[in-house]
Amino acid sequence: MKLLCDSALKLKHYLSIGTSNLPDNIVNILKVTCNDYQSSVKKFTELLNYIHNNNINVTSFNDLVTLHELVAPHDGAVVSMMSIHFNLAIGTIANLGDQTPYIENLYQELCSGRAIGVYLATELAYGNNLIAIETQASYLPEKGVFILNSPNSGAYKFMPNTIPCELPKIAVILAQLNVSGKKYGIFPFVVPLSVNGQLITGVKITSLGDKPGFYLDNAITSFDNIEIPFEGLLAGNMITLTKNGQVSLHTKKLKERFSLVTNRIHTGKLCMAVSSITAAKSALHITSTYGHHRQTFGYSGAMPVINYFHFSQGLAWDTLSTVTHALYLRELTKKVSVMLSGSVKNFNFPDELLIEIITAKSLCTWRTQEILLNCRERCGAHGLFMNNKIPHYLIANFGAITAEGDNIVLSLKAGEIIFINGVTIRKENVQHDLFFILNDYMNSILNKLNKLIINGEKINFDFINKHDTDFIELSQTYAVLSLVTTIIDTYHMDDIDMIIEGYLLDWVHRNMSKLLQNEVIDLQRSKKTDERRTEYIREYAEKINDYISSFEVDKFGIETPISSNDYISWYARSHN
């Protein structure tokens, strides 16, 4: 019996937000409400000071992800600034920068919180297609500097948080490297954009205004003959450039260089997925509390609204997905952290792990969007108010779906790689019949696409575009199968079989029409599976909803009117 209790306690620990023991008074900073981008920047600046003064090790990817968990329930805009600063700016410099005095000085400014790091990649004409961006960095050997230019309006950087503030802003800028008239593809360059609230000469910034409820200083940024010192190029071991302009190319393939340049965007995908799931945890906590306190009328008189099956069982399905995704992302974070700690410099992801990160981000953020919409509706009119946080989470999650690669674009790319490279889903430890239904579905998609290839022709854009739904389905099904095998291989606790069975039942249910169309199952099995799903949620809804208390949202200062013990008194006090 003690073993069972220990197992249950361990599972609860895995589900709590921010399992690292960071000092509690960080909550005092995070709880501050922001109503414009200036207040968001001030809040982020205070967070940077706090991190530095308390020696929080954000060079550890695991600790950085934990920090995302702590901030996400409070402020999506600050999460975005934090991810850009630590993961994209500092992470790229750490991976590809030489320890020259110029780089070391800027790096220490960022790590100490004396400057804000920004990352300038996407352009007005080029969003996901980063390899084609047009910002130019041309080397002048006679001066020993790079000249940074925006050659046309399509090359203006859109939409980094570059507006000047009280702290200097130091930019990692992706640009095409030109030396002696020859192009070498995109590389990152490091340069301060503003000092003491003033832009450096040649930088032009135009505010894009506010996104509703998401106060970030987004802007259009362009360059006119900006001089970057010779040491400002972040080339890692890909290329050697001498001061007189001689180039030795060590990483020959443009695609491989691009992959090294952008590797921190991939760790950012994981940060976005974890932030998304944490917002779902908070929204479920708020909705569950509201459901237990909000009174309605049934045949037996007044009762809480959670007594309705459509509320409690719907909440349980959403909680089950969130629990499963949280456990999966925890293990994926550990895997990435181990890899990063073993090789900080010139790190690149193996294809298999990269596909897992890409598909996990789409799977988790898309499902969270459903969950947040469901929570908003379950809370009725209360769910529309910003002070009940769910609208904030919705807007922030829209950002997560788009940030570090749009989900649809990523899913198409992942589906293409899975199709070309084949799939290696581990099945030896899996005993769930529903898993093999989905595995058969994935194989049916692969077989269908293979039959459409004529005379061994190469996969091209037209083929992917024509069969985009199949490639997205391939990507998402692969993500679900990877998730299930990871959890089965990693977690050996009492409730895991119950959690996995419910997750698979729900996912099979979501794909039922496609399973029938592809003749993966017949009508009789479809009906039995749906009956099994109904019986499952009737038996386990209450137990699943109890997991919400394991998120421990309250201790992180998430205070809303409808998640208080008595929301009527809360509103009454504010009125008086």
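Worth saying up front: this structure is predicted, and the values here are computed from it rather than measured.

A. How the structure looks around the pattern of salt bridges. What the rule picks out here adds up to 22 salt bridges. Glu473 is the salt-bridge partner of Lys514, the closest N and O atoms lying 2.8 Å from each other. With Lys514 in helix 17 (residues 512-517) and Glu473 in helix 15 (residues 468-490), this pair connects stretches of sequence that are 41 residues apart. Among the residues examined, Lys514 registers a relative accessible area of 27% and is labelled partly exposed. In this structure, the salt-bridge partner of Arg532 is Glu501, at a minimum N-O distance of 3.5 Å. Taken as a pair, Arg532 in helix 18 (residues 523-545) and Glu501 in helix 16 (residues 496-510) lie far apart in primary sequence, 31 residues in all. Residues joined by salt bridges that share partners form a network here, namely Asp318, Arg367, Glu370, Arg378, Asp506, Arg510 and Arg533.

B. Here's a closer look at the packing of helix 10 (residues 351-378) against helix 12 (residues 407-421). At a closest axis distance of 10 Å, the pairing of helix 10 and helix 12 adopts a crossing angle of 140°. Classified by the angle between their axes, helix 10 and helix 12 sit oblique to one another. Helix 10 and helix 12 meet at a crossing whose hand is left-handed. Each of Asp351, Ile355, Ile358, Thr359, Lys361, Ser362, Thr365 and Trp366 in helix 10 lies in contact with helix 12, whose residues at this interface are Asn407, Ile408, Leu410, Ser411, Ala414, Ile417, Ile418 and Asn421. Residues that form the contact of helix 10 with helix 12 fall into these classes: 8 nonpolar, 6 polar and 2 charged.

C. Representation of the confidence of the model for the protein chain in the model. Across the protein chain, pLDDT averages 91, with 96% of residues at or above 70. Confidence over residues 1-5 falls short of pLDDT 50; this stretch has 1 contact with residues more than four positions distant or in other chains.

D. A look at the domain arrangement of the protein chain. Per the domain assignment, the segments of the protein chain are domain 1 (115-259) and domain 2 (260-563). The gap between the C-alpha centroids of domain 1 and domain 2 is 35 Å. In this assembly, 18 residues from domain 1 lie in contact with 14 residues from domain 2. Carbon and sulfur atoms supply 59% of the area buried between domain 1 and domain 2, which totals about 1200 Å² over both sides. Remark: the boundary between domain 1 and domain 2 carries 0 salt bridges. Inspection of the region where domain 1 meets domain 2 yields 10 residue pairs in polar contact (both at pLDDT 80 or more). Take the side of domain 1 that touches domain 2: its biggest share by element is 4 residues, from helix 7 (residues 254-261).

E. Fine view of the packing of aromatic side chains. Summed over the entire model, instances satisfying the criterion amount to 11 aromatic pairs. Taking the centre distance of 5.5 Å and the plane angle of 65° together, the rings of Tyr14 and Tyr491 count as edge-to-face. Residue Tyr14 is found in helix 1 (residues 2-15), and its partner Tyr491 is found in the loop between helix 15 and helix 16; the two are separated by 477 residues along the sequence. In this structure Tyr491 comes out as buried when scored by relative accessible area, which is 3%.

F. Highlighting the state of the cysteines. According to the stated counting rule, one finds 0 disulfides in the structure shown. Free of any disulfide, Cys375 has its nearest cysteine sulfur in Cys379, 6.5 Å distant. Under the relative-accessibility criterion, Cys375 is labelled buried at 0%.

Rules of the game
Residues numbered from 1 in each chain as written. Predicted model: local features only at pLDDT ≥ 70, side-chain atom pairs only at ≥ 80, totals over all residues. Heavy atoms only, no water. Salt bridge = Lys/Arg side-chain N within 4 Å of Asp/Glu carboxyl O. Helix = DSSP H or I, 4+ residues; strand = E, 2+ residues; numbered from the N terminus. Buried < 20%, exposed > 50% of the residue type's maximum accessible area, 1.4 Å probe, protein only. Axes fitted to C-alpha atoms, helices over the stretch in contact; angles between N-to-C directions. Parallel < 35°, antiparallel > 145°, perpendicular 65-115°, else oblique. Left-handed = near helix turned anticlockwise from the far one by under 90°. Contact = heavy atoms within 4.5 Å. Nonpolar A, V, L, I, M, F, W, Y, C, P; charged D, E, K, R; others polar. pLDDT = per-residue confidence, 0-100. Domains from an automatic or database assignment. Buried area = accessible area lost by both parts, 1.4 Å probe. Polar contact = N/O pair within 3.5 Å; in protein donor to acceptor, adjacent residues only side chain to side chain. Phe/Tyr/Trp six-rings, centres within 6.5 Å; stacked < 30°, edge-to-face > 60°. Disulfide = S-S within 2.5 Å.

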